[in-house]
Amino acid sequence: MSLEPDLEVLSQTGSESDPHSSISHSAPSSNLNTSLQLLPPHRDPDLWYEDGNMILIGGGSCAFRIYRGLLAVRSRIFHDMISSSSARSEEMVDGCPVVHLTDTPHELRDFLHALMPSPSLPHSSLSDTTEKISPEALLAIARLAHKYDVDGLLHQAIKCLQTCYSTRFDIWSQHLENSRFLTTASPNYAIGVINLARLTGIHSMLPVAFYECCALKGALVHGWKREDGVVERLSDADLERCINGAHVLARAHLHALPRVFKPTTSSRCREPAKCKAAIQSQADHLLNGPDVARADVALLSRLTVFDGLPEDSPTRADKRCTDMLRERDLVERRTLWAALPVIFNIEVPGWSDGQA
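Residues numbered from 1 in each chain as written. Predicted model: local features only at pLDDT ≥ 70, side-chain atom pairs only at ≥ 80, totals over all residues. Heavy atoms only, no water.

Caption draft 1: Broad picture of the pattern of salt bridges. For the structure shown, the criterion picks out 20 salt bridges. We note a salt bridge from R259 to E332, for which the minimum N-O separation is 2.9 Å. Within this pair, whereas R259 is found in helix α9 (residues 236–260), its partner E332 is found in helix α11 (residues 319–343), the two being separated by 73 residues in sequence. Among the ionic pairs, R294 bridges to D296, the shortest N-O distance being 2.6 Å. When its relative accessible area of 15% is taken as the criterion, D296 is described as buried. Among the charged side chains, a network of salt bridges with common partners joins E107, R143, R226, D228 and E232. (Salt bridge = Lys/Arg side-chain N within 4 Å of Asp/Glu carboxyl O. Helix = DSSP H or I, 4+ residues; strand = E, 2+ residues; numbered from the N terminus. Buried < 20%, exposed > 50% of the residue type's maximum accessible area, 1.4 Å probe, protein only.)

Written out as structure tokens, the structure reads:
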């Protein structure tokens, strides 16, 4: 398995790592038990165990002292690497073998946090955590879990992401108000989700991620700058999908507005003249508003126009008519949801019935 994530990224330093040497040992030292002073000046405060028996160096700038046995039992890549190495062939510091990794300290820290349970680490158990996790940390965990063949952790990370990047409209719409796992995400993170979905082959996350990328508009071409300084960009093909899909979604949103706010009232309406005028007023408001051509609001409720209006407002329909409008709106949103893979020209088997 390749040890380098298949992401199109641009390092701030401009250097490119050899994709076939993501795990590399330093040249043997003349003194196999060299001093700790030879390590990078920064040691991770949470992941430096004094009784640890392996030292990992991330990106040449941060050292992590961990337990090689715990690492080997979770990761087949590290297990094979540790099993095939000998103490005499490795650089040793304070009696510990040193392994240099091309991963940045930020992503390696998040990955090791998830592997090494500790009361001070809020997402040491992804499935059971009650704490929010930053999307960046979760993406880093998933990338490195895939890279180092930690299947259980990858499954947990993907499961967390799928609460927000779901195949089911009802699950996705609920996460907008209360996601169990993720903190509020910027649409920039969706670039990382698309790249992760491509890397892992879990394409069921793609439709929502492409939809979120529509909010970036022209800034999409600049990519997503992660906390570690790495910039992730979409492939040319995915960039084209997002741009073309955004135009389709914007038109679909525009065409849905008159259907939702068709000036007819509920059969149970007690003030049809007032409600018809209120519905027409809100339709005019939306059709002439700044969001009329926005692709990234196409899946959101259009009934928020009534929020905050007093019950006796002439531009507010009564509850019976509002419920009718809500049903119309839901039909339009579900129809667009079902069409997302077609809109973005991607194949997601079973998407429309939520079985992807």
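Caption draft 2: Seen up close, the packing of aromatic side chains. Summed over all chains, the structure comprises ten aromatic pairs. Residues F78 and Y148 carry aromatic rings whose centres are separated by 4.8 Å and whose planes lie at 35° to one another, so their mutual orientation is tilted. Note that F78 is positioned in helix α2 (residues 76–83) and Y148 in the loop between α4 (135–147) and α5 (151–161), a separation of 70 residues in sequence. With a centroid separation of 6.1 Å and 40° between ring planes, the pair formed by F169 and W172 is classed as tilted. Taken together, the positions of F169 and W172, both in helix α6 (residues 169–175) and three residues apart, correspond to about one turn of that helix. Of the residues examined, F169 reaches a relative accessible area of 5% and is grouped as buried. Given a relative accessible area of 2%, W172 falls into the buried group. Following the ring pairs from residue to residue traces out a cluster consisting of F169, W172, Y211, W337 and W351. (Phe/Tyr/Trp six-rings, centres within 6.5 Å; stacked < 30°, edge-to-face > 60°.)

Caption draft 3: Summary view of the packing of α4 against α5. Two numbers describe how α4 lies on α5: the axes approach to 8 Å, and their chain directions differ by 145°. Considering how the two elements wind past one another, α4 and α5 form a crossing that is left-handed. Of α5, the residues touching α4 (which contributes L138, L139, I141, A142, A145 and H146) are L153, L154, A157, C160 and L161. When grouped by side-chain class, the residues that make up the contact of α4 with α5 number ten nonpolar, one polar and no charged. (Axes fitted to C-alpha atoms, helices over the stretch in contact; angles between N-to-C directions. Left-handed = near helix turned anticlockwise from the far one by under 90°. Contact = heavy atoms within 4.5 Å. Nonpolar A, V, L, I, M, F, W, Y, C, P; charged D, E, K, R; others polar.)

Caption draft 4: Representation of α4. Taking 1.5 Å of rise per residue, 13 residues should cover 18 Å, and α4 covers 18 Å from first to last C-alpha, within 8% of that figure. Within α4, twelve of the 13 residues are buried, which leaves it mostly tucked inside the rest of the structure. Residues P135, E136, A137, L138, L139, A140, I141, A142, R143, L144, A145 and K147 constitute the buried set of α4. The positive-phi residue at the C-terminal boundary of α4 is D149, with phi of around 60°. (Expected span 1.5 Å × (residues − 1).)

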